[in-house]
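# Chain and residue survey
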Amino acid sequence: MQKYLKEALKLRFMYYNTYENKEKLWHERYKGHDLYDVVVKSLQYDFKEISLIMPKLLEEYEKNL
């Protein structure tokens, strides 16, 4: 799960920092990524909460594999 957590947090960071004002481009680039749905769900939460929420979202993701 650590591998997934690191990758999911990286994608979320890129969404807000690297692709700022280019969010549509981020969606186009990563819509085929395995963790895309997890990261998109995480966007509903404040950045301050992400360290608590992301592991829970990843647990749900792993159950569905």
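Keep in mind it's a predicted model, so treat the numbers as computed, not measured.

Further remarks concern unusual backbone geometry. One non-glycine residue, N21, lies in positive phi territory at about 65°. Inspection of the secondary structure puts N21 in the loop between α1 (2-16) and α2 (23-30). By relative accessible area, which is 69% here, N21 ends up exposed.

The next subject is the packing of α1 against α2. Taken N-terminus to C-terminus, the directions of α1 and α2 make an angle of 150°; their axes are 9 Å apart at the nearest point. The angle between α1 and α2 falls in the class roughly antiparallel. On α2, the residues that touch L11, M14 and Y15 of α1 are E23, W26, H27 and Y30. Residues belonging to the contact of α1 with α2 are distributed by class as follows: five nonpolar, one polar and one charged.

Parameters and conventions
Residues numbered from 1 in each chain as written. Predicted model: local features only at pLDDT ≥ 70, side-chain atom pairs only at ≥ 80, totals over all residues. Heavy atoms only, no water. Helix = DSSP H or I, 4+ residues; strand = E, 2+ residues; numbered from the N terminus. Buried < 20%, exposed > 50% of the residue type's maximum accessible area, 1.4 Å probe, protein only. Axes fitted to C-alpha atoms, helices over the stretch in contact; angles between N-to-C directions. Parallel < 35°, antiparallel > 145°, perpendicular 65-115°, else oblique. Contact = heavy atoms within 4.5 Å. Nonpolar A, V, L, I, M, F, W, Y, C, P; charged D, E, K, R; others polar.

Taken by themselves, the reported measurements are silent on function.
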